[in-house]
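# Residue-level structure breakdown
The chain contents come next:
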Amino acid sequence: MNKHLISFIAIISLTLLITSCRTSCTGEMSDKKREMIKSEIETIVKNFFNPKTLNYSTHTGLRADKEGYVFGLEGKIGFTSYASYNEQMKINFAGIQRFTEASIVSMYVYVLSENAATCTTEFKSKYLTVKGDTIPNNGCWTAVFKKFDNGWKVIQENATHIK
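Residues numbered from 1 in each chain as written. Predicted model: local features only at pLDDT ≥ 70, side-chain atom pairs only at ≥ 80, totals over all residues. Heavy atoms only, no water.

With that out of the way, let us pick up the side chain of T118. Considering the arrangement of structural elements, one finds T118 in strand 4 (residues 116–129). Overall, the relative accessible area of 18% leaves T118 in the buried class. Apart from the residues lying within four places of it in its own chain, the contact partners of T118 are Y108, V109, Y110, L112, A143 and V144. (Helix = DSSP H or I, 4+ residues; strand = E, 2+ residues; numbered from the N terminus. Buried < 20%, exposed > 50% of the residue type's maximum accessible area, 1.4 Å probe, protein only. Contact = heavy atoms within 4.5 Å.)

Have a look at this one:
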């Protein structure tokens, strides 16, 4: 009987060892780590869509000034570098006084790894132009976030405006 008990304990111990090593040995993330990253991305995106702080600096500051930055816009490649995107944003924001509204209708974050995640949102916003017109700015946005030394930044994105 002791042989059976020892064998049983050895099998259980081996099973626990293999199971516990599965996530750490294969590089898979724990559910806790995945939820932590998801929460970080959700917070970044929610803060981004704050009409009180959404401006040229916060808009461009979310993006990575790195090689490989790409922005798809309205189903086409809009920008293939941060520099070209940034120049256009300077022009666009010169005509904006401020955002009067900005909210997220829905959001989905998918964690790819410890250093990459995607976020898809539907948003609604309005901004006031320097001429005094209020312009609706509603759409869908999918962003690929990459973690750099200074935090999470968007490295690739696609946006489509909707009515």
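Here the focus is the nonpolar core. With 29 residues, the main nonpolar core has I37, I41, V45, Y85, W141 and F145 as its most contacted residues. Listing elements by their share of this core, those giving two or more residues are helix 2 (31–48), helix 4 (82–94), strand 3 (96–113), strand 4, strand 6 (138–148) and strand 7 (151–162). If sequence neighbours within four positions are ignored, I37 has contacts with M29, V111, S113, E114, A117 and W152. (Core = buried A, V, L, I, M, F, W, Y, C linked by side-chain atoms within 4.5 Å.)

This structure, assessed with the given rule, holds 13 aromatic pairs. A ring pair is formed by F79 and Y85, whose centres lie 5.9 Å apart and whose planes are at 80°; its orientation type is edge-to-face. The same class applies to F79 as to Y85, namely buried. Taken together through their ring pairs, the aromatic side chains of Y69, F71, F79, Y82 and Y85 make up a single cluster. (Phe/Tyr/Trp six-rings, centres within 6.5 Å; stacked < 30°, edge-to-face > 60°.)

Roughly 510 Å³ of volume is contained in the largest pocket. Put simply, the parts of the chain that give the lining of the largest pocket at least two residues each are strand 1 (70–73), helix 4, strand 3, strand 4 and strand 7. Per-class residue counts for the lining of the largest pocket are 15 nonpolar, 8 polar and 2 charged. (1 Å grid on protein atoms, 1.4 Å probe; cavity = no way out; pocket = protein on both sides within 12 Å on 5 of 7 lines; lining within 4 Å. Points joined across faces, edges and corners; volume = space filled by probe spheres on them. Nonpolar A, V, L, I, M, F, W, Y, C, P; charged D, E, K, R; others polar.)

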